[in-house]
Structure formats: structure tokens, C-alpha cells
Amino acid sequence: MTYRAVLLGCAALVCGTPALAGEEVLYRPAPDWVAPAELPQVRRGPPIVLYDDQRRIEEGQLSNYIDRAIRVDNPQTLTALGTLQATWLPDKGDLIVHRVAILRGDEEIDVLAQGTRLEVLRRERQLEQRMIDGARTATLTVPGLRVGDILRVSYTTTLSDQALDQEVQDTVGLPAEPFAASLARVRISWPTGSDVKWKVSKGVDTPVPVEADGYSTIEIALPLAEADEVPEDAPLRYRMPPLLQAGTFADWSEVSRVMAPLFATDGAIEPGGPIAREVAKIERAHSGQLERAVAALRLVQDEIAYMLNGMEGGNYIPQSPAQTWDMRYGDCKAKTMLLLAMLREMGIESEAVVVASEIGDVVPEMLPMPGAFDHVIVHAVIDGTDYWLDGTNAGASMAVVHEVPAFHVALPLRLAGAELMPMVQRPQQVRDRVARITYDHRAGLDVPMTYTAEWTLTGPAAAPFRGVIGQGSPEQLENYVRGFAATQLGDSLIVDSKISFDEENNSATVKVEGLMGSPWEWERGLGSRQFFLPSQSFEFRPDRSRSAWREIPVAMPGPYSEQMDVTVLLPDGGAGYTLDGKTEFETELAGVRIARQASLTDGRLTIVDSTAWSGEEIAPAQIAGERQKTSRFGTTDLGLRAPRDVARRFDPAVRADRARFAPIEAAYAALIRKDSDDLDNYRYRSQFRAMTWDWPGAIADFDEVIEREPDAESYLMRAGLRIETGDLDGALADAQAGWELDPSLQAAFVLSDILPYVGQVEEAIELLEQQSGSPDEESAIAMAISELEAQAGRKEEGLQRIDDLLAQRPNDPQMLNAKCWYQATWNYRAEELDALCTEAVEKADWSAPVLDSRAMGYYRLGRLQEALKDLESALSTSPELAPSLLMRGVVRRELGDRAGEEDIREALARQPSLARDYARFGIRVE
């Protein structure tokens, strides 16, 4: 709660027609019924010195007196309190200001006595939410307020509601710790003997009314003790903040009787008028009552825009159906009134019911009053079945009309009165969303994959897509689809997309074709991928370990249902692939129905996976059993595992056969044709071509980028590609161009890598010595300089830089590996390599790059079999490591194994620049 909210809150929204209406702020003394609060004489303590909230119920009116005092302890509080704001509804009551005072030491400065007045702003606050309520906001910039002052403000709002037949209702939040104030209280009073009922939330000590001078008063000291912690999955009624309620309604039946006349429809449809003609049209087009009800509901949902009009008693009093049809907008009351009139005109049994859209499960525990509800819909009975028709919703159809909103209870509005009616959930007849996705891995598991996806959405889930069709530019539409696809699949490149809407079934279909990165992960040379299926969102692990929680139910999400059909196309006929996890099940766990069918045949994996969340509660007595059942069932995770000998992009046969990459090349080409100005598509294709060793194609893409929009990063990327083709002059030119455009650390690293190859080692060192950055970047700079110093013949100086870093980060695996690699590659102080490199391997948990470094150390020591063993281990974990493959070839060759020559050729085919790199170390491979 902010200080400003504590100081001046909005007038409570109790609805009605004009009474004591006040367009302007009134300035009067506090009413006689107020029990004045003495300001606590405190120098320290919480900033809120006084929090006094007093209310009087009398003669169909609620008066709310507020008295707040806050100490301005710091400049932030001064800014927060410097401008006061108060909002009220002038068609429903008055805002009466009694005091605005600054307390400074023993002095009290009466701001109002100086002639200062609040300024009234006549504007709607919530038009962007399509709400108008006629509210007025009064503001005051407090003159002369200083840090150290206490600002005290008191005012009264009055509210009366003729729509409720002189009945009154009130709900007061009761702040609990950690809220703190030197003095805080809430008081409510009413004439003794009047029909006022009151109630406090469970766990709040019930006050005893005190009778004096013909009035009964209850008072609650604040703040309340901090509430006990409640599990997050508990129903809302267990998590509601404490409340004090008071009102004059005897029971829910009286609430029903009082509000029922507001939704009387007799004579609401003019014979032969426009609404009557719509009714006749529906009756001609549809024969059954349910079909007619759905048609009427769709008309109200689709043809009447939503706009809340809370003016002139409009918070409870609906506008007439004729007004709604004429203006083509209305709120829930207006839409319900129109729909109700149409249904009754067609002879369909129906009535208005009020519901609580957010706190429905709390309503049965509340004091009977209209304020317990915030929404009104239609309840229809057709062929003995209850239907709940919400005109403010969207997507009505025969497929979804039987679904029950998650409002828990409803109060029918009947002249004879009615009690709360449970809204019992029932299984959905159609899924909210069905996805059909095909992933094509036939080009390989470690390259981008093409995919096609189609989603069918029904009911409210379809409405946003209907809204965007024809409303925006093609680019806006594609951006919308891209955003939706990203929420479902993750990041991808959209090659083609389409949205369509089935008017008859009120369903939307979204189709997408695209490219995305490979989801396959590799561990010790074995590939696997996971799937994210609807059933995997299911979990049931409620914590009821505390004794106080044992009798708290679990609120399950829903109602919602989803199905996903997945097809995965595998390379080379799919031989040797296996599934990890449950491939087939159909069960119900904690009220959630989950099912799966998965099969792997003929190079094709198919998965049909679904969930249906009922939204029901799990009773305390059922929790342990459902949890045990869920535990026995186990995980719903599903994974696909590739055979160990699966073809990888770096395999010679794959690299030589670019035909398998044709669909990916075609997808990139389509992206470029669709938007040739989006140079990122060239960059993406260049990255793909480089990873599949099409160096000329990758360079050509950056040629296009640089010709049209030269930038430093593109020059640096092309420099790296040119190094692999042996074009050192071109690489140097690109690196220099990148540095000139943006002399960044990245550019310095690229340029310093190339300069030594053209005889400019000292220039490279000088360049890097001029750079600086974060601690990690400084370390990278130092290590790069150490390599250059070794190339310049100053091996001891280079090693000293690494030792200096190691002294700052002793036992750091990365620095130990750097030292091992440096001494091994430059064959410097070789006698230390065994212990040094082994320590690096052990501290790095036997990672492949560190094993590669130790293998170089063993090679320098002439321990070729040990070097070979480390290289084999590194390649078994990370077979893509071309440097390890190269060194295995070198070691094998020196051991007399002819396979070494093949290793060397293969490594250089993958990374041609290795020949130059290793020649620096005196290792000739060509």
C-alpha cells in the first residue's frame, strides 16, 4: 500500500442513481457522528501516524470518513505526497473535505484556511479499458510541504443507491502486518435496531457492538496480526485478505428480489422493430432452441461492442435493449439485458444471474450483498440442461456452448428471490486448442530444421485471431503470427503463414511454415531431443505437510483442454532411434485427464498427446491418494534418442552431399524472396552455410550484406570466413574495415588474430595492450597477448601473464587449462606439463577441451599412447572437435598408423585454418 493510497483513497464504488449528487468538492467540518482521533505524539515509528476509517450506515446511505496523517521522512515520501488525489462519483454522492493540514513541530498550518482548494479534473480515467463512470478527480499540490512535516488529511464521501431500494452495502479491507501505523482503526456504526448485518473474515477476532446514543458501533484495531501462510494452490477463499462487511440485506434471496426488477424484459422488444426482426431472422434460420440461443448469443457477442457505462446509476441499472442495439455498445448488464429479451421472445427459459468473475469461490462465505458480484450473464435451461451464456465473451458456437465458466456460483435474479446456485463443471466437448506440428530432421540432426505447424482454436481462444484478420497490414499480421508461434514453439524464422476463420464454427486456424534451430542435444557423442507436450504441464505436488494445511483443498487450473499431434521425420529411414519415456497412456490424475499415443515406424515418429483440466478442487481427503497415484504414474516426459552412429553434419559423406540440405536452402531462399530488404536472412543463411562448410556460399551472403549495409560485425564475420578459405589479404582488409567502423574489443581480437600471419605480431600486441574491459574481458586480453608474445619469441613473458592471472584465480580450471595449453603448444617448460595438465583435467571434470590440452602435453613429452587415449576420450564426448581430430591424426601418424593421414585430411576439411595455426607450434600437417 503506497503512502498516497493510504492518505487519499478513491470513494468506494457503491452503485446507484443521483442522490446528494456533487459535481464540486464541498468543504465542511467533520460530521457529528465521527469519533475524533487524537494524533499520537510520536517522534519515531512508522511513517503512517494515523489511519482512521469510520463509516455510518443510515437511511439508505453510506458515509465514509477518512482521517490520515503521514510523516514526510525523506524526499521520496515528499514527492509521493506532494500532490493529493481523490476520486468520487458525483452522480452517486459527495466528496466533502474537512482538513488539509501540515504539522511542523508544535505548529499546525491549516492549508484550507489559506484559501487553497482542490482542483477538479473532469475526465474519464479508464477510457482505454472501454469504461466510463463519470468519475471526478480532485487534486491538490500541497503548498509548503517539507521533509520532517506530518501531512494530515480528512474527508468524507457519501454514497446512496436507489437501484437497491434503499439497501446499503459496504466492504472494508483490514490491513494486516507488515502494514504499520502508530494508530489505526476501522469503525462502522448504524442506528440500533436497524436491519444491519455485519461479518468479519475467518480468523479475525469478532468485535462486540457498543450501543450509545441510539447507535451501535463496532471498532477493530489495526493492523491485524500477519495472517498465517497459506499454500499458493489453495482455493482463493483461503487466500483472501481479511475483510469487514456490513449491509442491510437479510439474505441472498433478498439480494435476488431487489435486483430482479432491473432485468425485467416485458415490452423490451418493440413489435416489428429492429431487434424483433433479428429474432425472426434467427428463428427462420434455426429450428432448435439451443441453436437459436447460440445464434442470439453470437449476435450479442459480435455485433455489440463492450463499453462499461457506469453513469446515472449504470453500475447496476442496465440500459434498455433498444438503446444497446441503437448504440451498438454496452457492458455486461446491457448485453445480458439484450440477450435475455431475445431469448424470452423466442420462448427459451432464461434469467439473469450475477456472478463473481474473480472470487466466485469466496462468495458463499460473504455477507449477502450485490457487491459480492462484478458480472452478470444469462442462465438458460434448454431440454433440462443448464447453459451459461456470457454476452461479453467471444467465440460462441454449438461446440462450446455447454461449457461452464469458472465462476463457481451464480445468484439468479428472480422476483420471488433465489439462493446461490452452484455452477457445476462438466467435461468439454471440444478442445480449446489443437496443434498439428511436423518437424523435418531429414537433413540432419545438428542443422536447422524446417517445420510446418497448424493450430485450431475454438471459443474465446479464437477471438483474437478473428480480430486481426483484415485489420492490419500483412506485416502486422505476420508479426502477430510470429509472436503466437514463438509462444508455442520458441524462436523461429517464419517462411509462410496464414490465418483463417470459420464463421460457422467460430474457430480460427493458424498455419505456419518455418525454420528453427536444432533441438537436439549431444552428450558424449549421443544425441537426444525432448518434446514439450500438453501432458508434461501436468503436476500434482501439493504441500500439505503443515498440520494447519491438512484441511485445505487444492484448486486445480481449468477448465481447459488441449491436444498436440506431433510428427518427426528422421534421416536415413529412422533406423536405430529409440524413445525414452511413456509412449502410451490414458488416465486421470487429480481430476486432470491426460493421454498419449506415440509410435516410431518407417523413419517417422508420431505423437498424439492431450490434457483436459477440469478446474475442480481436490478435497483434503483425496489429496494424499491423488498424490500417491501421480507418484506411481511417474513422469510424463518423452524424449527421442539417436543411434550412436547417426550421420553428423561434419561426417565426410554428409558434407559432400549437399542435396540433403536442399529443403533448408529453399527455405532461406523463400525468406529472402519474401523480404529481400531484411538482411538478417542473408546472415542466417551464411551461418548455416558456414556450419555445413559451404565457404563460398557463406561469403557470398556477407558480400550482399556488406554491399547494401556495411557494418562492423558483418566485416568481422566475413573476415573469419575468408581465413578458412586462405584469403588472408581479404580477411585482413575486412578486419581493418570492421575496426575502422567500430573499434571494439571484438574487432581488436579479430584483427590481432590475423596480423601475425602477415608478419605484424608486434602491431597485434600493441593493439590489444590498448584495450580494456570487464574483469573477464581483461583476462581474455591478457591470454591473447600471451599467445602473441610467444609467437614473437618471448615465451617467458607470455607465460608470466598467465601466471599473474592464475595468482588472481588460483585453482581456476579455465586458467589451469590456459597454462597447460600455452606450455604444451609452445613446448615450453615441458617438465611441468604432466602435473599441470592433469590438475587442469581433474578440476575441469574431464571436459573434452581440457583433455585436448593435456593430449598436447603428452605429445610434447613423447607419451604418444597417453596422448592418443586423451584424444579418443575428447572425441568420444565431442566428435565435432576438429583440433582434437587433427592431433589424433598427428599422433597416429607418428605411431605408424595410416589412419592418422585420414584424420588429418578430415580435420583440415572441416577447419582449413588449423594447418596455419598448428604450424606456429612447429607441427606440420600438410
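These numbers come from a predicted model, not from an experiment. Along each chain, residue indices are assigned from 1 in the same order as the chain's sequence is written. Totals for whole chains, interfaces and linings use every residue, but because this is a predicted model, local features are given only for residues with pLDDT of at least 70 and side-chain atom pairs only at 80 or more, for both listing and counting. For the side-chain quantities, the full set of heavy atoms in the structure was used; hydrogens and water were omitted.

Asker: I keep staring at the overall build of the chain and nothing clicks. Help me out?
Answerer: Helix and strand labels come from DSSP, where a helix needs a run of H or I of at least four residues and a strand needs a run of E of at least two; each type is numbered from the N terminus. Secondary structure summary: the chain contains 28 helices and 38 strands in total. Here the globule rule is a power law, 2.2 Å times the number of residues to the power 0.38, and the radius of gyration is based on C-alpha atoms. Computed over its C-alpha atoms, the radius of gyration of the chain comes to 37 Å, more than 25% above the 29 Å expected for a compact globule of 926 residues. Oriented by its inertia axes, the alpha-carbon framework of the chain measures out at about 110 × 80 × 60 Å. Relative accessible area decides the class of each residue, using a 1.4 Å probe on protein chains only: under 20% of the type maximum gives buried, over 50% gives exposed, and in between gives partly exposed. With 926 residues in all, the chain has 53% of them scored as buried. Pairs of residues are marked as contacts when any of their non-hydrogen atoms sit within 4.5 Å. For the chain, contacts bridging at least 24 residues in sequence account for 70% of all contacts bridging at least 6. Per-residue and other accessible areas were derived by the Shrake-Rupley procedure at a 1.4 Å probe size, with only the shown protein chains allowed to occlude residues. A total accessible area of about 41800 Å² is found for the chain, and carbon and sulfur atoms account for 48% of it.

Asker: So what exactly am I meant to see when it comes to the nonpolar core here?
Answerer: Looking at soluble globular proteins, one finds that nonpolar side chains tend to be buried together. In plain words, nonpolar cores are sets of buried Ala, Val, Leu, Ile, Met, Phe, Trp, Tyr and Cys residues tied together by side-chain atoms within 4.5 Å. Judged by nonpolar contacts, the single largest core of 58 residues is most densely connected at Phe263, Leu339, Met342, Leu343, Val363 and Leu389. For this core, the elements supplying multiple residues, two or more each, are α4 (252-259), α5 (274-285), α6 (289-303), α8 (332-345), β20 (349-355), β21 (375-382), β22 (385-389) and β23 (409-412). Those residues in contact with Leu389 that sit more than four places away from it in its chain are Ala293, Leu297, Leu339, Leu343, Ile377, Val378, Ala380 and Val401. Counting 49 residues, the second largest nonpolar core, distinct from the first, contains Met783, Tyr822, Leu833 and Ala882.

Asker: How should I be thinking about the sheet that holds strand β33 (residues 578-581) in this particular structure?
Answerer: Strands in a sheet are paired, the pairing made by backbone hydrogen bonds, and the direction either parallel or antiparallel. Pairs of strands are assigned from DSSP output, requiring at least two bridges between the strands. Taken together, the four strands give an open sheet; going across it, the order is β29-β30-β38-β33, and neighbouring strands pair in antiparallel fashion. Where the open sheet ends on each side, the last strands, each with one partner, are β29 (521-523) and β33. Geometrically, the sheet is characterised by an average inter-axis angle of 30° between neighbouring strands, direction not taken into account. Across three bridges, the pairing between strand β30 (residues 526-530) and strand β38 (residues 638-641) is antiparallel. Looking at the pairing, Ser528 lines up with Arg641 of β38. In this analysis, axes come from line fits to C-alpha atoms, helices being fitted only over the stretch in contact, and the angle between any two N-to-C directions falls in the range 0 to 180 degrees.

Asker: Would you mind showing me how to read the packing of aromatic side chains here?
Answerer: For any pair of aromatic rings, the description rests on two quantities: the centre-to-centre distance and the angle between the ring planes. Two rings from Phe, Tyr or Trp (for Trp, the six-membered ring) form a pair when their centres are within 6.5 Å of each other. A pair whose planes differ by under 30 degrees is stacked, one over 60 is edge-to-face, and the rest are tilted. Enumeration over the complete set of coordinates arrives at 13 aromatic pairs. Both rings, one in Phe465 and one in Phe484, keep their centres 5.0 Å apart while their planes meet at 85°; by these two values the pair is edge-to-face. One end of the pair, Phe465, is in helix α9 (residues 463-468); the other, Phe484, is in helix α10 (residues 474-489), with 19 residues separating them in the sequence. The two residues Phe465 and Phe484 agree in class, both being buried. An aromatic cluster of at least three residues, connected via ring pairs, comprises Trp455, Phe465, Tyr480 and Phe484. Put simply, a charge is over a ring when the Lys NZ or the Arg CZ is close to the ring centre, within 6 Å, and near the line of the ring normal, within 35 degrees. The ring centre of Phe633 lies 4.7 Å from the NZ or CZ of Lys582, which sits over that ring. Over the ring of Trp693 we find Arg655, and its NZ or CZ is 5.7 Å from the ring centre.

Asker: Would you mind showing me how to read the sheet that holds strand β28 (residues 507-516) here?
Answerer: Spatially, β27-β28-β26-β25-β32-β36-β35-β34 is the arrangement adopted by the eight strands of the open sheet, whose pairing is mixed. Edge positions in the open sheet fall to β27 (493-502) and β34 (584-589), since each of these has one partner strand only. Strand after strand, the sheet turns through a mean of 10° between neighbouring axes, direction not considered. Of the strand pairs in this sheet, β34 and strand β35 (residues 592-601) are connected by six bridges, and their pairing is antiparallel. Counted as the bridge partner of Glu586 is Ala595 from β35. Packing of helix α11 (residues 620-633) onto the sheet brings it into contact with β34 and β35, and relative to β34 it is tilted by some 165°.

Asker: Teacher, can you tell me more about the pattern of salt bridges here?
Answerer: Close approach of charged atoms allows side chains of opposite charge to pair. In what follows, salt bridge is the name for a side-chain nitrogen of Lys or Arg lying within 4 Å of a carboxyl oxygen of Asp or Glu. Scanning all chains against the criterion turns up 65 salt bridges. Here Arg152 makes a salt bridge to Asp67, at a shortest N to O gap of 2.7 Å. One end of the pair, Arg152, is in strand β10 (residues 150-160); the other, Asp67, is in strand β3 (residues 61-71), with 85 residues separating them in the sequence. Of the charged contacts in the structure, one is a salt bridge between Arg892 and Asp897, with a shortest N-O distance of 3.9 Å.

Asker: Please explain the packing of helix α23 (residues 833-843) against helix α24 (residues 848-860) as it appears in this structure.
Answerer: How two helices pack is summed up by the angle between their axes together with the distance between the axes. As a packed pair, α23 and α24 sit with axes 9 Å apart at the nearest point and diverge in direction by 170°. Comparing the axis directions of α23 and α24 gives the class roughly antiparallel. In this structure, α23 uses Leu833, Asp834, Cys837, Thr838, Ala840 and Val841 to contact α24, whose residues at the interface are Val850, Leu851, Ser853, Arg854, Gly857, Tyr858 and Arg860. When residues are sorted by character, Ala, Val, Leu, Ile, Met, Phe, Trp, Tyr, Cys and Pro go into the nonpolar class, Asp, Glu, Lys and Arg into the charged class, and all the rest, Gly among them, into the polar class. Here the residues of the contact of α23 with α24 are counted per class, giving seven nonpolar, three polar and three charged. In these notes the angle categories are as follows: under 35 degrees is roughly parallel, over 145 is roughly antiparallel, 65 to 115 is roughly perpendicular, and the rest is oblique.

Asker: Sorry if this is basic, but what is going on with the side chain of Arg854 here?
Answerer: Within the secondary structure, Arg854 sits in helix α24. Polar contacts, as used here, are pairs of N or O atoms within 3.5 Å; protein pairs need one atom able to donate a hydrogen and one able to accept it. Residues neighboring in sequence count only if both atoms are side-chain atoms. Side chain to side chain, Arg854 and Asp870 meet in a polar contact 2.7 Å long. In contact with Arg854, other than residues within four places in its own chain, are Cys820, Cys837, Thr838, Val841, Trp846 and Asp870.

Asker: In this structure, what is going on with the state of the cysteines? I would like to understand it.
Answerer: Such a bond, covalent and formed between the sulfur atoms of two cysteines, is termed a disulfide. Working definition: a disulfide is two cysteine sulfur atoms within 2.5 Å of each other. Summed over all chains, the structure comprises one disulfide. Each disulfide pairs two cysteine sulfurs, and for Cys820 the partner residue is Cys837, the sulfurs being separated by 2.1 Å. Taking the torsion about the S-S bond as the criterion, the Cys820 to Cys837 disulfide, at about 105°, is right-handed. Of the two residues, Cys820 is situated in helix α22 (residues 813-825) and Cys837 in helix α23; the sequence distance between them amounts to 17 residues.

Asker: Would you mind going over the packing of helix α16 (residues 712-725) against helix α18 (residues 745-754) with me for this structure?
Answerer: Contact geometry of α16 with α18 gives a least axis separation of 10 Å together with a crossing angle of 25°. Relative to α18, α16 is oriented roughly parallel. As for how α16 packs across α18, the hand of that crossing is left-handed. Seen from α16, the contacting residues are Leu716, Ala719 and Ile723; seen from α18, they are Gln746, Ala747, Val750 and Ile754. Partitioned by chemical class, the residues of the contact of α16 with α18 number six nonpolar, one polar and no charged. The crossing is said to be left-handed when, going from far helix to near helix, the turn is anticlockwise and less than a right angle, and right-handed when the turn is clockwise.

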